Amino acid sequence: MKEKDFSKLLYSAIMTLKSEDECRHLFEDLCTPKEIKSIAQRFAVAKMLSEGSIYNDIVKKTGASTATISRVNRTMSKGSKTVLERIK
């Protein structure tokens, strides 16, 4: 199996999830608590950026570094925007 296939397998698995509990269980099985915290923090940053929040407010509310906020801001694309729109 190629590395590209690993990602495809993960994405396919995520698409089968039907509840928040199923999603939480999968992430708890695959990720460390620190990894989940980092992913969750980055998503919170993406949400706040999409709402027009400024870096200083995001730092205060999430504890994310300005480097993390900048990275999320640079890499936010269709995926983040689609999900954020759907959860409004």
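Here is what the cut-offs are and how they apply
Here the residue index of a chain counts from 1 through its sequence in written order. Local features in a predicted model are, by the rule used here, given only for residues with pLDDT of at least 70; side-chain atom pairs are given and counted only at 80 or more, and totals for whole chains, interfaces and linings are based on all residues. Where side-chain values are given, they derive from all heavy atoms of the structure, hydrogens and water being excluded. An axis is simply a line fitted to the C-alpha atoms; with a helix, the fit covers only the stretch in contact. Between two such axes, the angle follows the N-to-C directions and lies from 0 to 180 degrees. Helix and strand labels come from DSSP, where a helix needs a run of H or I of at least four residues and a strand needs a run of E of at least two; each type is numbered from the N terminus. For classification, angles of less than 35 degrees are called roughly parallel, those exceeding 145 degrees roughly antiparallel, those between 65 and 115 degrees roughly perpendicular, and all remaining angles oblique. Two helices crossing with the near one rotated counterclockwise from the far one by less than a right angle form a left-handed crossing, whereas a clockwise rotation gives a right-handed crossing. Note on contacts: a residue pair is in contact if any heavy atoms of the two residues lie within 4.5 Å. Gly is placed with the polar residues, together with every amino acid not listed as nonpolar (Ala, Val, Leu, Ile, Met, Phe, Trp, Tyr, Cys and Pro) or charged (Asp, Glu, Lys and Arg). Confidence of the predictor at the level of single residues is given by pLDDT, which spans 0 to 100. Salt bridges are identified by distance alone: a Lys or Arg side-chain nitrogen within 4 Å of an Asp or Glu carboxyl oxygen. The buried label applies to any residue whose accessible area, calculated with a 1.4 Å probe on protein chains only, is under 20% of its type's maximum; exposed applies above 50%, and partly exposed to all values in between.

**Considering the packing of helix α3 (residues 33-50) against helix α5 (residues 66-75)**
Packing of α3 against α5 brings their axes to within 9 Å, and their N-to-C directions diverge by 65°. Relative to α5, α3 is oriented roughly perpendicular. Here α3 runs over α5; the crossing is right-handed. Listed contacts from α5 to Arg42, Val45, Ala46 and Leu49 of α3 are Thr68, Ile69, Arg71, Val72 and Asn73. Across the contact of α3 with α5, the residue classes tally to 5 nonpolar, 2 polar and 2 charged.

**What to know about the confidence of the model for the protein**
With 100% of its residues at a pLDDT of at least 70, the protein reaches an overall mean of 94. Mean pLDDT values for the elements of the protein range from 89 in helix α6 (residues 78-86) up to 98 in helix α4 (residues 55-62).

**Quick look at the pattern of salt bridges**
Within this structure, the stated rule accounts for 4 salt bridges. Note that Asp21 and Arg24 form a salt bridge whose closest N and O atoms lie 2.7 Å from each other. Here the residue Asp21 and the residue Arg24 both occupy positions in helix α2 (residues 20-30), the gap between them amounting to 3 residues, near one helical turn. Take Asp21: its relative accessible area is 43%, and that puts it in the partly exposed class. Owing to a relative accessible area of 38%, Arg24 belongs among the partly exposed residues under this scheme.

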